[in-house]
Amino acid sequence: MSEKLVLVGVIPEIVVISPTEQVVWLATAANLKIEFDPNRCPFLSNVFQAPPGRQLQSGTPRPGSNPGAYKYRLWLNDQPIGLGEVILREK
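## Here's the deal with unusual backbone geometry
- Despite not being glycine, Asn 77 shows a phi value in the positive range, around 50°.
- With respect to the helices and strands, Asn 77 occurs in the loop between β7 (68-76) and β8 (79-88).
- One non-glycine residue with positive phi stands out, namely Asp 78, at about 65°.
- Looking at the secondary structure, you find Asp 78 in the loop between β7 and β8.
- The exposed category is assigned to Asp 78, whose relative accessible area is 64%.

Here's what the structure looks like:
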């Protein structure tokens, strides 16, 4: 399975993945939390959390997820710092 790496601190506004890829977020010096809308999330979970230095891996999108844009909120040490977007493309 291939991965798309997102470096927190150099936040891309948009990351594009295919149905066989996953997103990986990393914050080396802070607790990290990613939260998608629970009613509109392509992954098995809509909330991802990790301590400093640990990668957050989304896993591949759920089977049957519709191609499109999925927005998420990003927190470092429980402070909201930005928004991001995952675009799921068709095969």
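Picking up after the structure, the text goes on.
## Considerations on the side chain of Glu 85
- Position of Glu 85 relative to the elements: it lies in strand β8.
- For Glu 85, a relative accessible area of 14% translates into the label buried.
- With residues near it in sequence (within four places) discarded, Glu 85 still touches Glu 13, Ile 14, Val 15, Ala 69, Tyr 70, Lys 71 and Tyr 72.

Reading guide: rules and limits
Residues numbered from 1 in each chain as written. Predicted model: local features only at pLDDT ≥ 70, side-chain atom pairs only at ≥ 80, totals over all residues. Heavy atoms only, no water. Helix = DSSP H or I, 4+ residues; strand = E, 2+ residues; numbered from the N terminus. Buried < 20%, exposed > 50% of the residue type's maximum accessible area, 1.4 Å probe, protein only. Contact = heavy atoms within 4.5 Å.

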